[in-house]
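# An overview of the molecular structure
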Amino acid sequence: MLYVRFRRAGTDGAAPGEEAYEGLLALLAGFSPVVEALPPDAALIDVRGARRYFGRDATGIAALVRVRALARYGVDCTIGVAANPLLARMAAHDPAPTAAPVRTVPDDPDAVAAFLARKPATALHGVGQATARALCAYGLDSVERIAAAPPATLQRILGAATGRRVHERARGIDPTPVVPNALARSLGAEHRFDCDELDPERRRRALLTLAHDLGIRLRTDGQVARGLTLTVRYADRSTTTRTRALPEPTAHGPALTAAAYALHDALALQRARVRAVLLRAENLADAEVAARQLTFDPADEKSRRVEAVADRARARFGVSAVRPASALAKDWDAA
């Protein structure tokens, strides 16, 4: 099992563009048909059936993937190699400065236990800040301690299903299969800060800018989004990604902005050193066939009329003719 993270070579950990990402998925499909896209910058690939064909083990195939991605698309890869998606993902996200680009977790219980032993609770995929705080309140602040705790204890703290899942993952158990999927239609933009950003208000201004411009691009293309994904990239190049389904398909700027703010606030970043934020409109559809809930809110109707007038002004005088007063300068990259 390989978990592949893509980064444009020669940049500060930036994700590849949408066209390059689609090409990279096609490259992976040349190794195995079992590829699960994890936009905007990762994918899972099951290579069990490819080892005999290529005459290499999973680590050897990972090295070949890196060479081809760099040669064809100018994209570097960090690849986790393990027996299941959980361990492969954790290996690829290992923040150790001495970690190699291809990081292998041997399929051996002792090696898995040693790999997991000193990692924090949040290193487990699916364990967010709220779950980690609940565990830390009982002294379960590391994967090793979580694995040693009785399953019944974890179920009392987290609930039956979550407690059972966290206990399995703390022992390196993840039966989740790699599910081949088609890349969903999406549209995204990224803002990279000049320096590590600690100010939450400036991060919110960046999100306002991204949501505003995504709305313009969606309306220009006659599309609406059914979901929104926020990816936060930190100073150590690790990332956090959260997705939220929108109440209704929309290209309305204020609705996209409100969803972006909600995603950001739910992360509770506090003093996190943020290098970049990426906002992606997911699961796009044609605006003509999308249903819209009628509202009797005069403020909402006024906002939409103002937006329509602003769009006409942009069409005549350029995209920068009308912008929110709190928006940052337009220095984001389309994705």
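Quick note: structure is the one above.
The sections below set out a description of the structure shown in this document. Residue numbers restart at each chain and count upward from 1, following the sequence in its written direction. Per-residue local features of the predicted model are confined to residues with pLDDT of at least 70, and side-chain atom pairs are confined, for both listing and counting, to 80 or more; whole-chain, interface and lining totals are unaffected and use all residues. Side-chain metrics rest on all non-hydrogen atoms present in the structure, leaving aside hydrogens and water.

### Observations regarding the packing of helix 8 (residues 151-158) against helix 9 (residues 160-170)
Closest axis-to-axis distance for the helix 8/helix 9 pair is 7 Å, and the angle between their directions is 135°. One way to sum up the angle between helix 8 and helix 9 is to call them oblique. Helix-helix and strand crossings are classified by hand; for helix 8 and helix 9 the assignment is right-handed. Side by side, helix 8 and helix 9 meet where Pro151, Leu154, Gln155 and Leu158 of the first sit next to Ala160, Thr162, Gly163, Arg164, Val166 and His167 of the second. Here the contact of helix 8 with helix 9 is built from residues that sort into 5 nonpolar, 4 polar and 1 charged. Note on method: axes are straight lines fitted to C-alpha atoms, helices fitted across the in-contact stretch only, with angles between N-to-C directions ranging 0 to 180 degrees. Labels follow the DSSP assignment, with helices taken as runs of H or I lasting at least four residues and strands as runs of E lasting at least two, numbered in each case from the N terminus. Geometric relationships in this document are graded by angle, where less than 35 degrees denotes roughly parallel, more than 145 denotes roughly antiparallel, 65 to 115 denotes roughly perpendicular, and other angles denote oblique. Two helices that cross are described as forming a left-handed crossing if the nearer one is turned anticlockwise from the farther one by less than a right angle, and a right-handed crossing if clockwise. Here a residue-residue contact requires only that any non-hydrogen atoms of the pair lie within 4.5 Å. Residues were grouped as follows: Ala, Val, Leu, Ile, Met, Phe, Trp, Tyr, Cys and Pro as nonpolar; Asp, Glu, Lys and Arg as charged; and all remaining residues, including Gly, as polar.

### What to know about the pattern of salt bridges
Here a salt bridge means any side-chain nitrogen of Lys or Arg lying within 4 Å of a carboxyl oxygen belonging to Asp or Glu. Applying the stated criterion to the full structure yields 14 salt bridges. The salt bridge partner of Arg219 is Glu307, with a shortest N-O separation of 3.1 Å. Here Glu307 lies in helix 12 (residues 298-317) and Arg219 lies in helix 10 (residues 200-221), a separation of 88 residues in the sequence. Judged by its relative accessible area of 14%, Glu307 falls in the buried class. Ionic contacts of the salt-bridge type, sharing partners, join the residues Arg7, Asp41, Glu190, Arg192 and Arg233 into one network. Residue burial is assigned from relative accessible area. The probe radius is 1.4 Å, only protein chains are included, and a residue is buried under 20% of its type maximum, exposed over 50%, and partly exposed in between.

### Considering unusual backbone geometry
Here Pro39 and Pro40 are connected by a cis peptide whose omega angle stands at 10°. Examined against the element boundaries, Pro40 turns out to sit in the loop between strand 2 (35-38) and strand 3 (42-45). We note that Arg237 has phi near 75°; this positive angle belongs to a residue other than glycine. Take Arg237: it is sitting in the loop between strand 7 (223-234) and strand 8 (239-250). Despite not being glycine, Asn283 has its phi angle at roughly 55°, a positive value.

### A word on the nonpolar core
Definition used in this section: a nonpolar core is a set of buried Ala, Val, Leu, Ile, Met, Phe, Trp, Tyr and Cys residues joined via side-chain atoms within 4.5 Å. Counting 32 residues, the largest nonpolar core has Leu124, Leu135 and Ile146 as the members making the most contacts within it. At the level of secondary structure, the elements contributing two or more residues to this core comprise strand 3, helix 4 (85-92), helix 5 (109-116), helix 6 (129-136), helix 7 (143-148), helix 8 and helix 9. It is helix 4 that provides the largest number of residues to this core, a total of 6 residues. Discounting chain neighbours no more than four positions away, the residues touching Leu124 are Met90, Val143, Ile146, Val166, Arg169 and Ala170. The next biggest cluster of nonpolar side chains, apart from the first, holds 30 residues, and it includes Val224, Ala251, Leu269 and Val274.

Purely geometric stuff here, so don't read any function into it on its own.
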